[in-house]
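Results of the structural survey
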Amino acid sequence: MAQAESVLSALGRPAAIFALALAARLAYIAWQGATPAGAFYPDSVLFVEIALSADWWKGTADRMPLYPLFLGGLLRVFGAEAYWAPLAAQAVADAAACVAIARTAELLRPGAGRWAGPLAALNPTQIAMAGVLLGDSLFVASLAFAFLALARWWLGQGGAAAVGFWFGLALFNRAIVWPFLPVLGAAMLLAGLRRGEWRAAPIALAIVGLFAAPVFARNWMVWDAPALTAQGPMHMALWWYPLVKEAHDGTPYALTAAEVAAAFAARPGGTGGFANAATFGDLARERLATLPVSAFVKAWLAGAAINLAAPATIAVPSVMLLPRTGFYATEGAGPVEKAVNFLTRSSSAPYIAWLAAGLAIEWPIRLLALAGLFFAMRARADRAAAFFAVAWIGFILAIQGPVAGPKYRLPIEPILVVFAGGALARGPRADADSR
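Here's what I pulled together on the structure shown here. As the structure is a computational prediction, the values presented were derived from the model and not from experiment. (Residues numbered from 1 in each chain as written. Predicted model: local features only at pLDDT ≥ 70, side-chain atom pairs only at ≥ 80, totals over all residues. Heavy atoms only, no water.)

Our focus in this paragraph is the overall build of the protein chain. Each helix and strand in the protein chain was counted, giving 22 helices and 0 strands. Principal-axis analysis of the C-alpha atoms places the extent of the protein chain at approximately 65 × 55 × 50 Å. For the protein chain, buried positions account for 51% of its 435 residues. In the protein chain, of all internal contacts separated by at least 6 residues, the share reaching a separation of at least 24 is 73%. For the protein chain, the centre of its 31 positive side-chain charges and the centre of its 23 negative side-chain charges are spaced 8 Å apart. (Helix = DSSP H or I, 4+ residues; strand = E, 2+ residues; numbered from the N terminus. Buried < 20%, exposed > 50% of the residue type's maximum accessible area, 1.4 Å probe, protein only. Contact = heavy atoms within 4.5 Å. Lys, Arg positive; Asp, Glu negative; His and termini not counted. Charge placed at Lys NZ, Arg CZ, Asp CG, Glu CD.)

Structure, rendered in structure tokens:
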């Protein structure tokens, strides 16, 4: 027992966490390969095209600037097909995120960091997404440090400026942070007022605003659109509407998506970016308005369930190439029947084996995270952190909606690992101390 405690304590040190996490991610990249076959998702091609274009540094209407800048800079230094360079950099960023996750867990519950660190270092979702040419790992790294900065500020160990910087950097990568800012501001204002500190929330939000301002300004001046990206309306038309319609009457996703694409092609105007967004927005609003509220509820609940349950093993590129029918293309009268058909009729035995292995590894961690949230809710000193965690998880599941997969769960992984570490740190703490 003493030897096990010693090993655990050693693995809980920041340098050990970083080394373990980096080794796991580099090993994964070596296994999959730093090639399009091993490291590309559909959006990866788009990011590479942006990064290699002449105006790569100006940004585009459809994507936030951070990842194109990151990718463009590295590919220009190391070569247009040197995909290993951004993948290695992503591995380093995600390994640093693991250290931030461990430090956050330790701040919230002494002793939890030595559990949360190794859990994050060996987290299949983080490992798999760090090995894909997408901006998700940079996004989750920014979030991990944002949550650490928020915990330090809450405990009186850090300033609000750090909170604003890291949430701003996350926003510079993914626009989905923007709708959460009122929640962040309200949480910081309420916590600050309890100790007579009202300036923290405005400072943090102002710094986030500095990251958003150049994107807003560019889109307003170039495309006459004061918005962060043009991606939302297309997402609503080609993803939300087909999936909600499928939840309503069983129409396969692919049929509805093809119908929307044909309707878009038949409409005049639209030459890319915000011009396309206006047309897609009209199509989405027209069609979504015809569906009942119950269909939205069914689609969102199904998406949330899949996002929480789907293991990262099915997001590995080589596993995705195994014989199977994709979940969205699988037929079924409802989400349950569709899931059963996906498992029993649509997928090969090797694919199911990878799926089962992922479930066996990841579901216990989900249960630990749930237990950690329960313990935190019971302890008065930890309740505010638990409420914030629930708000963030609920926000991510709500904004992803019916679009589901391990990739879309990544923004909540730091929170899940923090509370899983708390659950392993010998249960709930007494309520004697109160922040």
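For the rest of this paragraph, the subject is the packing of aromatic side chains. Taken as a whole and judged by the stated rule, the model has 24 aromatic pairs. Geometrically, the ring pair formed by Phe180 and Phe395 is tilted, given 5.1 Å between the ring centres and 45° between the ring planes. You can see Phe180 sitting in the loop between α10 (160-173) and α11 (181-194) and its partner Phe395 sitting in helix α20 (residues 383-400), a full 215 residues away along the chain. Here the aromatic residues Phe147, Phe167, Phe180, Phe388, Trp392 and Phe395 are joined through ring pairs into a cluster of three or more. Directly above the aromatic system of Phe47 lies the positively charged group of Arg63, at a separation of 5.7 Å from the ring centroid. One Lys or Arg, Lys407, reaches over the ring of Tyr408 and ends 5.3 Å from the middle of that ring. (Phe/Tyr/Trp six-rings, centres within 6.5 Å; stacked < 30°, edge-to-face > 60°. Lys NZ or Arg CZ within 6 Å of the ring centre and 35° of its normal.)

This part covers the pattern of salt bridges. Here the structure, examined in full by the defined rule, presents 15 salt bridges. A salt bridge links Arg174 to Asp136; its shortest N-O distance comes to 3.4 Å. Placement of the pair is Arg174 in the loop between α10 and α11 and Asp136 in helix α9 (residues 136-154), with a sequence separation of 38 residues. The shortest N-O distance in the salt bridge between Lys407 and Asp136 comes to 3.2 Å. (Salt bridge = Lys/Arg side-chain N within 4 Å of Asp/Glu carboxyl O.)

Here the focus is the nonpolar core. Among the nonpolar cores identified, the biggest contains 110 residues, and Trp153, Phe167, Met188 and Trp392 are the most heavily contacted of them. Per-element tally for this core: the top contributor is α9, with 14 residues. Sequence-distant contacts of Trp153, that is, excluding residues within four places in its chain, are made with Gly158, Gly159, Ala160, Val163, Met188, Ala191, Gly192, Arg195, Glu197 and Ala200. Core analysis: the next-biggest nonpolar cluster, separate from the first, contains 15 residues, Tyr241, Ala263, Leu283 and Ala295 among them. (Core = buried A, V, L, I, M, F, W, Y, C linked by side-chain atoms within 4.5 Å.)

Backbone geometry at Asp224 places phi at a positive 55°, although glycine is not the residue there. By the secondary structure assignment, Asp224 is in the loop between α12 (200-223) and α13 (231-249). Assessed through its relative accessible area of 62%, Asp224 is described here as exposed.

So, about a nonpolar patch on the surface. The grouping of Val77, Phe78 and Trp84 at the surface amounts to a nonpolar patch, some 350 Å² of accessible area in total. The residue Phe78 is located in helix α5 (residues 66-78) in this model. Since its relative accessible area comes to 45%, Phe78 is described here as partly exposed. (Patch = residues over 30% accessible without salt bridge, like charges linked within 9 Å, V, L, I, M, F, W, Y side chains within 5 Å. Areas by Shrake-Rupley, 256 points an atom, 1.4 Å probe, with all protein chains shown as cover.)

So, on to α11. In this model, α11 (14 residues) spans 20 Å end to end at C-alpha, consistent with the 20 Å of a helix rising 1.5 Å per residue. Within the span of α11, buried status applies to Leu181, Leu184, Gly185, Met188, Ala191 and Gly192. Down the axis of α11, the buried side of the element spans an arc of 140°, and every buried residue falls inside it. Across from the buried face of α11, at angles greater than 90 degrees, the exposed residues are Pro182, Leu190, Leu193 and Arg194. Those residues of α11 that are buried are in contact with α9, α10, α12 and α20. (Expected span 1.5 Å × (residues − 1). Arc of directions from axis to C-beta.)

The values are spatial; any link to function lies outside them.
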